[in-house]
Amino acid sequence: MSAGSEQGLTDAIKYDVRVMHETWMEFVYPRQRGAEDTVLGKWQPEGTRQALFYRLWSALGVPVVSIVYPLVLLGYFLRFQTRKINVTAVRLGFFGVVGMFLLLWGGLAAVIYFQFQDALTEGGATAVAAASGVAILSSALSYLFWRLDGRPITVLFAYPFAVTAIFLPPVVAALFSAALGDVILDSSDSLATWYVDEGPDPYGVVDYLVENFDRQEAHHVIIWFAISVPVGWILGILVTLADLIRPTN
């Protein structure tokens, strides 16, 4: 059993690496990926010049594949998790998904307001309630964008709204927690300071915000909400990469 499992894992890795390298080759040359068993077969270079550039491009693909392959493995794991979420979403439907998040985050806001309000800093209960509302709305938007046909729409919109729906309320609760608030606030300060000092600002938005606003606790909520967008994009891209190497129905 152990030898069989190891052989199966080795074969899977070889398959992935081969497909990834063929995909890399196909960026420049036609009929590279899965073309061996077709009528035309895999495209082959003709002449010394074509063969030289063909081999050079193939050699360049080796380090690229070695760097990208761990991301593909992470994409497999994320795809497995998202597929389970998708199956649950299909079974529940739109109103079921929204109702589930309404019950989950609405219940969290109610419990904090009536039972644990003293455990949060001033304004914490209100902030959690607002974050819960944003999360519930995000769950509806994520479902709607996910149901629209097209991978770009799913990656650009469905994934960021899903990250917001799942993570924003507990992050905000931790933000205003007496025990964890300082840690998260320090992280937010460090992130904001780095972006102000070194981050891109092509339209002068950062300068405007620095000159006109002082960072308060409520603004940190906006920072963590904004973080969900690139996080969602990264997750969506990794899942898309996994689908590219090993497509599934």
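A quick note: this is a predicted structure, and the numbers were derived from the prediction, not measured.

J.: Just checking my understanding: could you explain the overall build of the protein chain for this structure?
T.: Tallying secondary structure elements over the protein chain gives 7 helices and 0 strands in all. Mapped from its N terminus to its C terminus, the protein chain presents α and β elements in the order α-α-α-α-α-α-α. When burial is assessed residue by residue, the protein chain has 33% of its 249 residues classed as buried. The contacts of the protein chain with a sequence gap of at least 6 include a subset with a gap of at least 24, amounting to 70%. Total accessible area on the protein chain stands at roughly 15800 Å², and carbon and sulfur atoms take up 68% of it.

J.: Looking at this model, I keep getting lost on the side chain of Thr164. Mind explaining?
T.: Mapping Thr164 onto the fold places it in helix H4 (residues 151–175). A distance of 2.7 Å separates a polar atom in the side chain of Thr164 from a polar atom in the side chain of Ser228. Excluding its chain neighbours within four sequence positions, the residues that come into contact with Thr164 are Val134, Ala135, Ser138, Pro169, Phe225 and Ser228.

J.: Would you explain the pattern of salt bridges in this entry?
T.: Think of it this way: side chains of opposite charge can pair up when their charged atoms draw near. Taken as a whole and judged by the stated rule, the model has 4 salt bridges. Taking the shortest distance from any N to any O, the salt bridge between Asp16 and Arg246 comes out at 2.7 Å. Taken together, the residues Asp16 in helix H1 (residues 2–26) and Arg246 in the segment after helix H7 (217–245) connect sequence positions 230 residues apart. Accessibility expressed as a relative area gives 28% for Arg246, which makes it partly exposed. A salt bridge links Arg18 to Glu22, with the nearest nitrogen and oxygen atoms 3.5 Å apart. Taken as a pair, Arg18 and Glu22 lie in helix H1 at a separation of 4 residues, close to a single helical turn.

J.: Got a minute to help me understand the environment of Val17 in this structure?
T.: Along the polypeptide, Val17 turns up in helix H1. Residue classification places Val17 among the partly exposed positions, given a relative accessible area of 33%. Expressed as a C-alpha distance, the spacing of Val17 and Ser66, which sit 49 residues apart in the sequence, is 8.4 Å.

J.: Looking at this structure, I do not really get the packing of helix H2 (residues 47–114) against H4. What am I missing?
T.: When two helices pack together, you describe them by how their axes are tilted relative to each other and by the distance separating the axes. As a packed pair, H2 and H4 sit with axes 12 Å apart at the nearest point and diverge in direction by 25 degrees. Looking at the two axes, H2 sits roughly parallel to H4. Note that H2 runs across H4; the crossing there is left-handed. Residue-level inspection shows Thr82, Phe101, Trp105, Leu108 and Ile112 of H2 in contact with H4, the latter providing Tyr159, Ala165, Ile166, Pro169, Pro170 and Ala173. Taken together, the residues of the contact of H2 with H4 break down into 10 nonpolar, 1 polar and no charged.

The rules we used
Every residue gets a number counted from 1 within its own chain, in the order that chain's sequence is written. Where local features are concerned, this predicted model is filtered to residues with pLDDT of at least 70; where side-chain atom pairs are given and counted, the filter is 80 or more; whole-chain, interface and lining totals use all residues. The basis for the side-chain values is all heavy atoms of the structure; hydrogens and waters are excluded. Numbering of helices and strands runs from the N terminus; a helix is a DSSP stretch of H or I covering at least four residues, while a strand is a stretch of E covering at least two. We call a residue buried when its accessible area falls under 20% of the maximum for its residue type, exposed when it is over 50%, and partly exposed in between, using a 1.4 Å probe and counting protein chains only. Every residue pair with non-hydrogen atoms within 4.5 Å of one another is taken to be in contact. Under the convention used here, a 1.4 Å probe and the Shrake-Rupley method define accessible areas, while residue burial counts only the protein chains that appear. By the criterion applied in these results, polar contacts are pairs of N or O atoms within 3.5 Å in which, for protein atoms, one can donate a hydrogen and the other can accept it, and in which residues neighboring in sequence qualify only through two side-chain atoms. We define a salt bridge as a contact between a side-chain nitrogen of Lys or Arg and a carboxyl oxygen of Asp or Glu at a distance within 4 Å. All axes here are fitted lines through C-alpha atoms, helices being fitted over the stretch that makes contact, and every angle between N-to-C directions spans 0 to 180 degrees. Put simply, angles under 35 degrees are roughly parallel, angles over 145 are roughly antiparallel, angles from 65 to 115 are roughly perpendicular, and the rest are oblique. Note on convention: the crossing is left-handed when the near helix lies turned anticlockwise from the far helix by less than a right angle, right-handed when the turn is clockwise. Polar here means any residue other than Ala, Val, Leu, Ile, Met, Phe, Trp, Tyr, Cys and Pro, which are nonpolar, and Asp, Glu, Lys and Arg, which are charged; Gly is therefore polar.

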